[in-house]
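Listed here are the chains, written in short residue letters.
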Amino acid sequence: MQLSPHRYWWLIPTSFVFAFLWQFWPLSFTFRPYMPDAIVTVTLYWVMQRPPRMGGGWALVIGILRDNLTGTALGTHAFALIFVAFLVQLLSERLRSLAIWQQAMLVGLLCLIYQLVSNSIGLWMSHLDAPLFALPSVLITALCWPVCFAILNLLEHGYLHRS
């Protein structure tokens, strides 16, 4: 039995609150490069599963909120998140038809694109705090995709299934 989408209106904002809490959880600098990007992962899930509800506008809001919380130039993360959300919206039907391990590889690629775009904007603005290539973060984000997908899918639909 599929749950009513209007009954669980709180699920999308709550998942983003938990993603922000996970992303900005205080860790030492030795573990920070190995932390998966929860905000991008949750954004990719909702843009892929609900393209009419989640799109570039929400990616802009989430990106600007992330810019404000990280102290980067306004629009750095927003532009990168909008770009990745646009790519996911273009490929949402194809992404949903792929196996979970193939989705994980594409999520890793999209996270790499996100980091390249946000870091190139940071370099262009001539103030970059993060390392240029945080490949461990990209790989761990790709490895965490099946878990994130399963949890959000279970919460969204009430059971595990592929949509």
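One can find the structure itself at the top, above this paragraph.
Because the structure is a prediction, the values reported are computed rather than measured.

Conventions and cut-offs
Residues numbered from 1 in each chain as written. Predicted model: local features only at pLDDT ≥ 70, side-chain atom pairs only at ≥ 80, totals over all residues. Heavy atoms only, no water. Axes fitted to C-alpha atoms, helices over the stretch in contact; angles between N-to-C directions. Helix = DSSP H or I, 4+ residues; strand = E, 2+ residues; numbered from the N terminus. Parallel < 35°, antiparallel > 145°, perpendicular 65-115°, else oblique. Left-handed = near helix turned anticlockwise from the far one by under 90°. Contact = heavy atoms within 4.5 Å. Nonpolar A, V, L, I, M, F, W, Y, C, P; charged D, E, K, R; others polar. Phe/Tyr/Trp six-rings, centres within 6.5 Å; stacked < 30°, edge-to-face > 60°. Buried < 20%, exposed > 50% of the residue type's maximum accessible area, 1.4 Å probe, protein only. Salt bridge = Lys/Arg side-chain N within 4 Å of Asp/Glu carboxyl O.

A. Examining the packing of helix 4 (residues 76–90) against helix 6 (residues 100–124) more closely. Look at helix 4 against helix 6: their axes get within 9 Å of each other, and the N-to-C directions meet at 150°. With respect to helix 6, the axis of helix 4 lies roughly antiparallel. As helix 4 packs across helix 6, the resulting crossing turns out to be right-handed. Counting all contacts with helix 4, which are made through T76, H77, F79, A80, L81, F83, V84, L87 and V88, the residues of helix 6 involved are L110, I113, Y114, V117, S118, I121 and G122. Here the residues of the contact of helix 4 with helix 6 are counted per class, giving twelve nonpolar, four polar and no charged.

B. Broad picture of the packing of helix 1 (residues 11–23) against helix 2 (residues 38–49). Two elements in contact, helix 1 and helix 2, have axes separated by 8 Å at closest approach and are oriented at 160°. Taken together, helix 1 and helix 2 sit at an angle that is classed as roughly antiparallel. For the pair helix 1 and helix 2, contact is made by L11, I12, S15, F16, A19, F20, W22 and Q23 and by A38, I39, V42, T43 and W46, respectively. For the contact of helix 1 with helix 2, a count of residues per class yields ten nonpolar, three polar and no charged.

C. Structural context of the packing of aromatic side chains. A complete count under the given rule lists five aromatic pairs for this structure. With 6.1 Å between their ring centres and 25° between their planes, F20 and F24 make a pair best called stacked. F24 gets classed as partly exposed once you look at its relative accessible area, which sits at 32%. Aromatic side chains Y45 and F149 sit 5.6 Å apart centroid to centroid with 75° between the ring planes, which places their arrangement in the edge-to-face category. In this pair, Y45 is assigned in helix 2 and F149 in helix 7 (residues 135–157), connecting sequence segments 104 residues apart.

D. Fine view of the pattern of salt bridges. Considering all chains together, one arrives at three salt bridges under this definition. Of the charged contacts in the structure, one is a salt bridge between R66 and D37, with a shortest N-O distance of 3.0 Å. Here D37 lies in the loop between helix 1 and helix 2 and R66 lies in helix 3 (residues 56–70), a separation of 29 residues in the sequence. An identical accessibility class is assigned to R66 and D37; each is buried. In this structure, R50 engages E156 in a salt bridge whose closest nitrogen and oxygen atoms are separated by 2.3 Å.

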